[in-house]
Amino acid sequence: MNSTRLAVWGDPIAHSLSPALHAAAYGVLALEWEYGRRQVSAPAFREALASLDASWRGLSLTMPLKEAAFRAAATRDRHAELSGAVNTLLLGTEPAGFNTDVGGIVDALAENGITAVGTVRILGAGATAASALLAAAELGATRADVRARRPERAAGLVALGESLGVRVTADLLDAPVSHVELTLATLPSGTDLDASLAGRLADGGGALFDAAYAPWPSALASAWGERSVISGLGMLLHQAVRQIRIFHHGEPLEPLPDEGRVLAAMRAAL
């Protein structure tokens, strides 16, 4: 009899902490599930997905596969539909797609005492930026200042903001900045920011949530100094909890059995 199999896919993928997080959770839940990792490029995704047999229960998707996973999903949750990104596939005859990054950001911020914001700055304009905007909207944000090296890529974020009741403006990373309550950085891990630019973003940038966590501290976290800084490890942890709920019983909001112990084991695995 085939065992139940799951994995995280992305490119690159060797750095992923997801196997350790999931293994810790499945140990507490007494599930004999195998969770691995596989390097899969965006062009290879469709063929790789089609090659999976019935022993596969689900996939976690990271860059650059979230848009491809969105297209592969037969059904999608609200966060996936709005963001255009899927980071979780529950496999079967009709794969179900979810975006647990949004809830992961909300949970990580709440864990650090941030449960409401009015103004935010989002650094980056990719799939994670859309999740950050959705998270900001759920916290009550009414204005979002998007900064990117190519601001034209933020057109989708401007449109998404309109649907959420959030006024979104887009500009270059190094354009003059105004004060915001929270900065949500979604730049790729290892992004090398000029120290003076990072310092300007820190001034008046409020608390910093940086989706990156390796290497740490990031250039932005270093520039923030003694101000409030939240690393992407919190998002990684909490989005994984929601993924495991999906893999366990198909619902991201219904807690796991003995979830407190599951969460503690996952946190210890980071």
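Please refer to the structure placed before this passage.
In short, a report on the structure. (Residues numbered from 1 in each chain as written. Predicted model: local features only at pLDDT ≥ 70, side-chain atom pairs only at ≥ 80, totals over all residues. Heavy atoms only, no water.)

Within the chain, the secondary structure is distributed over 11 helices and 12 strands. Radius of gyration (C-alpha) of the chain: 18 Å, near the 18 Å computed for a compact globule of 270 residues. Of the charged side chains in the chain, 22 are positive and 28 negative, and the gap between their average positions amounts to 2 Å. (Helix = DSSP H or I, 4+ residues; strand = E, 2+ residues; numbered from the N terminus. Rg over C-alpha atoms; globule rule 2.2 N^0.38 Å. Lys, Arg positive; Asp, Glu negative; His and termini not counted. Charge placed at Lys NZ, Arg CZ, Asp CG, Glu CD.)

Before going further, it helps to spend a moment on helix α11 (residues 259-269). Residues Glu259, Val262 and Met266 constitute the buried set of α11. Seen from one end, α11 has its buried residues packed into an arc of 55 degrees, which puts them on one side. Along α11, exposed side chains directed more than 90 degrees from the buried face belong to Gly260 and Ala268. As for α11, its buried residues are in contact with α1 (18-28) and α10 (233-249). (Buried < 20%, exposed > 50% of the residue type's maximum accessible area, 1.4 Å probe, protein only. Arc of directions from axis to C-beta. Contact = heavy atoms within 4.5 Å.)

Turning to the environment of arginine 242, a few remarks are in order. Within the secondary structure layout, arginine 242 lies in helix α10. A residue is classified by how much of its surface remains accessible, and arginine 242, at 14% relative accessible area, is buried. Taking the C-alpha atoms as reference, arginine 242 lies 8.9 Å from aspartate 101; in sequence the two are 141 residues apart.

Moving on, we come to the sheet that holds strand β12 (residues 229-230). Overall, parallel pairing links the six strands, which are arranged β9-β8-β7-β10-β11-β12 in an open sheet. The two strands at the open ends of the sheet, each matched to only one other strand, are β9 (167-172) and β12. Both strand β10 (residues 182-185) and strand β11 (residues 207-210) contribute to a ladder of four bridges, which runs parallel. Bridging across to β11, threonine 183 finds its partner in leucine 208. (Pairing = 2+ DSSP bridges.)

This part covers the pairing of strand β7 (residues 119-123). Taken across its five residues, β7 has five buried, putting it largely inside the fold. Along β7, one buried face is formed by Thr119, Arg121 and Leu123 and the opposite face, lined by Val120 and Ile122, is buried too. Of the pairings in the sheet, the one linking β7 to strand β8 (residues 143-148) comprises five bridges and is parallel in character. Paired with threonine 119 across the two strands is arginine 143, which belongs to β8. As defined by bridge partners, β7 adjoins β10 across four bridges and the pair is classed as parallel. Bridging across to β10, leucine 123 finds its partner in alanine 185.

Between methionine 63 and proline 64 the backbone carries a cis peptide bond, its omega angle lying at 5 degrees. Assignment of secondary structure puts proline 64 in the loop between β3 (56-61) and α3 (66-72). Looking along the chain, the bond that leaves alanine 214 and enters proline 215 is cis, with omega of 0 degrees. Secondary-structure assignment places proline 215 in the loop between β11 and α9 (219-224). The phi torsion at alanine 30 lies on the positive side, around 55 degrees, for a residue other than glycine. With respect to the helices and strands, the residue alanine 30 is situated in the loop between α1 and β2 (33-39). Despite not being glycine, aspartate 258 shows a phi value in the positive range, around 50 degrees. Relative to the elements of secondary structure, aspartate 258 occurs in the loop between α10 and α11.

The description of two helices packed together rests on the angle between their axes and the distance between the axes. At a closest axis distance of 10 Å, the pairing of α1 and α10 adopts a crossing angle of 50 degrees. In terms of orientation, α1 lies oblique with respect to α10. The handedness of the crossing between α1 and α10 comes out as right-handed. Here α1 contributes Ser18, Leu21, His22, Ala25 and Tyr26 to the contact with α10, which in turn contributes Leu236, Leu237, Ala240, Gln243, Ile244 and Phe247. A per-class count over the contact of α1 with α10 returns eight nonpolar, three polar and no charged. (Axes fitted to C-alpha atoms, helices over the stretch in contact; angles between N-to-C directions. Parallel < 35°, antiparallel > 145°, perpendicular 65-115°, else oblique. Left-handed = near helix turned anticlockwise from the far one by under 90°. Nonpolar A, V, L, I, M, F, W, Y, C, P; charged D, E, K, R; others polar.)

What follows concerns the sheet that holds strand β4 (residues 75-76). Here six strands make up an open sheet; going across it, the order is β2-β1-β3-β5-β6-β4 and the pairing mixed. Lying at the two open borders of the sheet, with one neighbouring strand each, are β2 and β4. Most of the contacts of α1 go to β2, to which it runs at about 175 degrees, and overall it touches β1 (4-10), β2 and β3.

The tally for this structure, following the rule as stated, stands at 10 salt bridges. The shortest N-O distance in the salt bridge between aspartate 145 and arginine 121 comes to 2.7 Å. With aspartate 145 in strand β8 and arginine 121 in strand β7, the pair connects residues that are 24 residues apart, well separated along the chain. Aspartate 145 gets classed as buried once you look at its relative accessible area, which sits at 6%. Between aspartate 145 and arginine 147 there is a salt bridge, and its shortest N-O distance comes to 2.9 Å. Relative accessible area serves as the criterion here: at 4%, arginine 147 is assigned to the buried category. A network of salt bridges, in which partner residues are shared, links Arg121, Asp145 and Arg147. (Salt bridge = Lys/Arg side-chain N within 4 Å of Asp/Glu carboxyl O.)

Any link to function would need more than the numbers given here.
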